[in-house]
Amino acid sequence: MKSSSIPTPNDRISYLPNNLGEDGGCAGGFAARTPPAPPFIEMIPNFPLRGKIPRDSGSEELEKLMKRWIIFIVVVIVLVGGIFGWRAYSTNKARQELMANLQTIKVEEGALVATIGATGQVRSNQSADLAWKTSGTVEQVHVKVGDAATMDMQLAALEQTSLPQAVILAQADLVSAQKALDDLLNSDLQRAQALQAVEDAEQALEDLLNPELQQAQALQAIADAEQAVRDAERRLTSVQLTASQADIDAANAEVVLLRDRLEKAQEDFEPYEGRPQDDLERANFQSALSAAQQNYDAAVRKLNALSSTGTEVDIAEARANLAVAQAQLVDARRGYERVEDGPSDADVALLEAQLADARREWEHLQDGPPPEDVAAAEARVAAAQATLAQAYIRAPFDGIVTAVENKPGDQVNAGDPAFRVDDFSHLLVDLEVSEVDINKIAEGQEVVLSFDAILAKEYHGAVAEVALVGAEQQGVVNFTVVVELLDADEEIRPGMTSAVNIVVRQLDQALLIPNRAVRVVEGERVVYVLGNDGTIESVPITLGASSDTHSEVVEGDLKVGDEVVLNPPRELTDEGGGFGPGGRPHP
């Protein structure tokens, strides 16, 4: 083997990778003495020229290959550097454009009116739909739409003859019930009767407990009854039998004698007739005249009785009187038998019970009629009045008639609509407020209202009522808040929709930021502040009262004059964005 400094073809081939033998036909034995490949070739796993050089290529071809590879690497490096440079340039330019488009506003102190907004519909203070309570024919309609109505004012009436019988008869029931109530309230008769009943019961018990008196009274009753029987017998005998002529003559003579005495008494009285009533002599002669007249009249009756027999009617009457007298005699004897041995326990118990009842009734009435009796009487009056009221429609309160459904002559039934009355003295708006805001609202808070139907006009009101209990609707709990309009005019009508802002808080001096500058990051409210060096810093804050446009800052590293970014771009505020410091540390 020659020794030479010039490499042989085999030596040149030995720089190629071992796998050229497979693609170029070289024997695998060369691989044992092949030196390592250059580093830049080994770094590229898929070298494009590997296996492409023929086994007999010279050093010129290898040098060309090396140059080509170096050029390729340089081009790649230039391309990668250009890409990174372009990206840096584009990013910087985008940041400059974003900074040029930033909107900022300075933090300042000022007044803040915090409100809660809601919408609602206007309604009247009171509203009533009136309907007929019975059937009939409309006789009169006294009002029209727009008329004022006062409480209990009659708006319409039905014909009396068209009403049901129960309504017509209620008039008589009312008169009777009213009279009973008046008697109960204004008469002392019941109290007097109750007191008399007590006295009678006490006297009856006292008499019962005195057996001697009871027995004497019973004996006297027997004697009176026996005398009545005898008188009745004589009367019956006198009307059944004709008197003798001697009796008639004697009676006639007595009449003549007594007439003479009567005339004499009249003559004696005439000189004194003109004297005063209290004159003693006049009184004596007048008494004598009266006695003479009585004696004469009795003698005439006796003569008439003796002169003729009684009629069948007189006889029947006399017999009936006799039977009554005989029955009374039997009762009198039985009464004596009951008290002959003193009063029985049953009689005493009965009279004591009657006395107790009489006393209770007197205690019940002595201070006037009992309240329950008065209430019952008043209820009867009210029932009759309610029945009569079915024939009329009356206004339940002061208001304006807003609907009239009937005309005279209409046939109506119970339940048919008749009128609508609204009280426009106060106009109200009902709002539905979320449970989140309800605890901020209280009665008396100021309210500002606006209407789509009334342009360029603002109204004022106050919170009149706040519901204590919420109502759930589709999973959301709302509370009803009632607002009263304080400066309503004729343009506002019930049913209109109003936008309402309730003033829940008013601050004269507060640190304010716009609401649209506030962001929420990981559950925390932050604002982005533009620093003097052009950096943007995130500042955590705590808000207090809020209005539609601004909020009060109660905590946070903010001061008057800080520039707050209204439209912070995402590219500038993400952590690790490479623009300024990451922001102030959170407290």
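For clarity, every value in this text was computed on a predicted model and none was experimentally measured. (Residues numbered from 1 in each chain as written. Predicted model: local features only at pLDDT ≥ 70, side-chain atom pairs only at ≥ 80, totals over all residues. Heavy atoms only, no water.)

1. Focus on the sheet that holds strand E8 (residues 411-412)
Pairing between the strands of a sheet is mediated by backbone hydrogen bonds and can be parallel or antiparallel. In plain terms, the rule: Paired strands, as defined in this entry, are two strands with at least two bridges between them according to DSSP. Put simply, DSSP H or I for four residues or longer makes a helix, DSSP E for two residues or longer makes a strand, and each gets a number counted from the N terminus.
The strand order E6-E5-E3-E8 describes an open sheet built from four strands, whose pairing is antiparallel. Two strands in the sheet have a free side with no partner beyond their single neighbour: strand E6 (392-394) and E8. Across two bridges, the pairing between strand E3 (residues 136-141) and E8 is antiparallel. Note on E8: the bridge partner recorded for Thr137 is Gln411.

2. Topic: the packing of aromatic side chains
What describes a pair of aromatic rings is the distance from one ring centre to the other and the angle between the planes of the rings. Defined as follows: The aromatic pairing rule takes the rings of Phe, Tyr and Trp, using the six-membered ring of Trp, and pairs them if the centres are within 6.5 Å, calling planes under 30 degrees apart stacked, those over 60 edge-to-face and the rest tilted. Distance and angle both matter: a charge sits over a ring if NZ of Lys or CZ of Arg is within 6 Å of the ring centre and within 35 degrees of the ring normal.
Counted by the stated rule, this structure contains three aromatic pairs. With centroids separated by 5.2 Å and ring planes inclined at 25°, the aromatic side chains of Trp69 and Phe72 adopt a geometry described as stacked. On the criterion of helical spacing, the pair formed by Trp69 and Phe72 is a turn pair, its members being three residues apart in helix H4 (residues 59-100). Cation over ring: Arg394 sits above Tyr392, and NZ or CZ is 5.5 Å from the ring centre.

3. Examining the pattern of salt bridges
Basically, it comes down to this: Any carboxyl oxygen of Asp or Glu within 4 Å of a side-chain nitrogen of Lys or Arg constitutes a salt bridge here. Using a 1.4 Å probe on the protein chains alone, a residue whose accessible area is under 20% of its type maximum counts as buried, one over 50% counts as exposed, and one in between counts as partly exposed.
Counting across every chain of the model gives 15 salt bridges. With a shortest N-O distance of 3.3 Å, Lys144 and Asp147 are connected by a salt bridge. Among the residues examined, Asp147 registers a relative accessible area of 21% and is labelled partly exposed. Close ionic contact of Arg359 with Glu202 constitutes a salt bridge, the shortest N to O distance being 3.2 Å. Of the two residues, Arg359 is situated in helix H11 (residues 345-365) and Glu202 in helix H6 (residues 189-208); the sequence distance between them amounts to 157 residues. Through salt bridges with shared partners, one network takes in Arg275, Asp279 and Glu281.

4. Quick look at unusual backbone geometry
Residue Ala456 is not a glycine yet carries a positive backbone phi of 55°. Locating Ala456 in the fold gives a position in strand E11 (residues 454-466). The class for Ala456 is exposed, based on a relative accessible area of 92%. Positive phi is not limited to glycine here, since Gln474 has a value of about 55°. With respect to the helices and strands, the residue Gln474 is situated in the loop between strand E12 (471-473) and strand E13 (476-485).

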